[in-house]
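Understanding the architecture of this molecule
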Amino acid sequence: MAPSKLTVVISQAQGRNPVKRQLEEDILTALISEPGVDVSLIPHLYDMPHDHTGTLFLKSVPGDLLVLSWMYERAIRWTLDRAHVRGQVGTSLLTYEADEVDDDDSDMDEAPKQYRGIGSIDIPDRRIYCIDLRSTESANEYLAEVRRIVRENSVATVDLMSFIQGSPKADQLQRYLQPDRQLEARRALDQGAATAADHAALPEDTRRRWYPVIDYSRCTNCMECIDFCLFGVYGVDALDRILVEEQDNCKKGCPACSRVCPENAIVFPQHKAPAIAGSDGEVSGIKIDLSKLFGGDDGTSPLEMAVRERDRELVLDGREAVGMAVGIRPRERDEFDDLMDELDSLEY
């Protein structure tokens, strides 16, 4: 057993936005020589398939892991979980909050909703920290947070190669173990002067993807998503737990299943609406305008919007629109239905 290092993985932004690229490089440069830290670049976390060497590299990390990505913390954590990269929740002091709550209308004394999801499985004894790269524009603040986490954790770990799930070749993983070479190769690529050796040192290319990610800390295994989705995206595992089985069957840009999920447990990290993309906004939260959160600004309900989106994709797929006739479960009234009725009855 050897003293562990904190592995920091920077998940690159989609595209080549110069501001984002510069922040990634500044953080990487600051961490390359930082004691107690191993740092690497991978492509955008959400875009990597299960057999991508970047995914295999993440699975190979045996100790504490910090992932920096251009997604909400919740989206990062459950995208990792989908790839079987799991651990105890590590708490970061750097957070990003979307502008989706009007503070003037908020009840500051209201306690956050307590979710009772089915949770993840096979969680190893290590911590995973997730930080949204929109939290701050200062590389020094990320460096300070990394140092804080390193001070917080001091454990022993197993040899790196004994933890790998999958069958990557040594030279495939090597590119992730040489951050200075990664940085040099990426700069050469941006300048249009990359050689074959530079391309070999860079993470493999990915294409942009679109699929749901399940937050099992909220998911109650109610199966409403599998009833509602008519494209074969969802399935169940050997333990009868809901899972995203055929992610590439998902229709690009369609978040309909997220709108019908009773617990807001389905995340589409690339969606423009923060609550659907993985912020901590709640579908049943009193603090947020429900129609604008998951529905439309015109007052369209989340369910109506979901049905509309599903019908559009069915027609584009050469199938018949089904409206409310398929996959809609009757729902019992609750306190929030009563609340909305009271709000609707108010005179303006």
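Residues numbered from 1 in each chain as written. Predicted model: local features only at pLDDT ≥ 70, side-chain atom pairs only at ≥ 80, totals over all residues. Heavy atoms only, no water.

Turning our attention to the sheet that holds strand β2 (residues 6-11). Pairing is parallel in the open sheet, where five strands are placed in the order β3-β2-β4-β6-β5. Of all the strands in the sheet, just β3 (37-42) and β5 (88-90) have a single pairing partner and so form its edges. The sheet shows a mean angle of 25 degrees between the axes of neighbouring strands, direction not considered. Inspection of the sheet shows β5 paired to strand β6 (residues 127-132) by three bridges, in the parallel sense. What sits directly across from Q88, in β6, is R127. Its contacts with the sheet put helix α4 (residues 139-152) on β2, β3, β4 (65-69) and β6, and the angle it makes with β6 is roughly 165 degrees. (Pairing = 2+ DSSP bridges. Helix = DSSP H or I, 4+ residues; strand = E, 2+ residues; numbered from the N terminus. Axes fitted to C-alpha atoms, helices over the stretch in contact; angles between N-to-C directions. Contact = heavy atoms within 4.5 Å.)

On to the packing of aromatic side chains. This structure, assessed with the given rule, holds five aromatic pairs. On the numbers, 4.3 Å between centres and 15 degrees between planes, the contact of Y46 with Y211 is stacked. Taken together, the residues Y46 in the loop between β3 and α2 (53-60) and Y211 in the loop between α7 (196-201) and β8 (213-214) connect sequence positions 165 residues apart. A single burial state applies to Y46 and to Y211, both of which are buried. Ring centres of W210 and F268 lie 5.1 Å apart, and the angle between their planes is 20 degrees; this geometry places the pair in the stacked category. Placement of the pair is W210 in the loop between α7 and β8 and F268 in the loop between β11 (266-267) and α10 (274-277), with a sequence separation of 58 residues. Across the pair, F268 and W210 agree in class, each one buried. When the ring centre of Y72 is taken as reference, the NZ or CZ atom of R134 above it lies at 4.4 Å. Across the ring face of F228, the terminal group of R310 is positioned such that the distance to the ring centre comes to 4.0 Å. (Phe/Tyr/Trp six-rings, centres within 6.5 Å; stacked < 30°, edge-to-face > 60°. Buried < 20%, exposed > 50% of the residue type's maximum accessible area, 1.4 Å probe, protein only. Lys NZ or Arg CZ within 6 Å of the ring centre and 35° of its normal.)

Under the definition given, this model contains 22 salt bridges. Between R147 and E34 there is a salt bridge, with its nearest N and O atoms 2.9 Å apart. Remark: E34 occurs in the loop between α1 (18-32) and β3 and R147 occurs in helix α4; sequence separation between them is 113 residues. Using a relative accessible area of 12% as the deciding quantity, one classes E34 as buried. Note that R86 is salt-bridged to D81, the shortest N-O span being 3.0 Å. Overall, the relative accessible area of 6% leaves D81 in the buried class. Ionic contacts of the salt-bridge type, sharing partners, join the residues E24, E25, R186 and R187 into one network. (Salt bridge = Lys/Arg side-chain N within 4 Å of Asp/Glu carboxyl O.)

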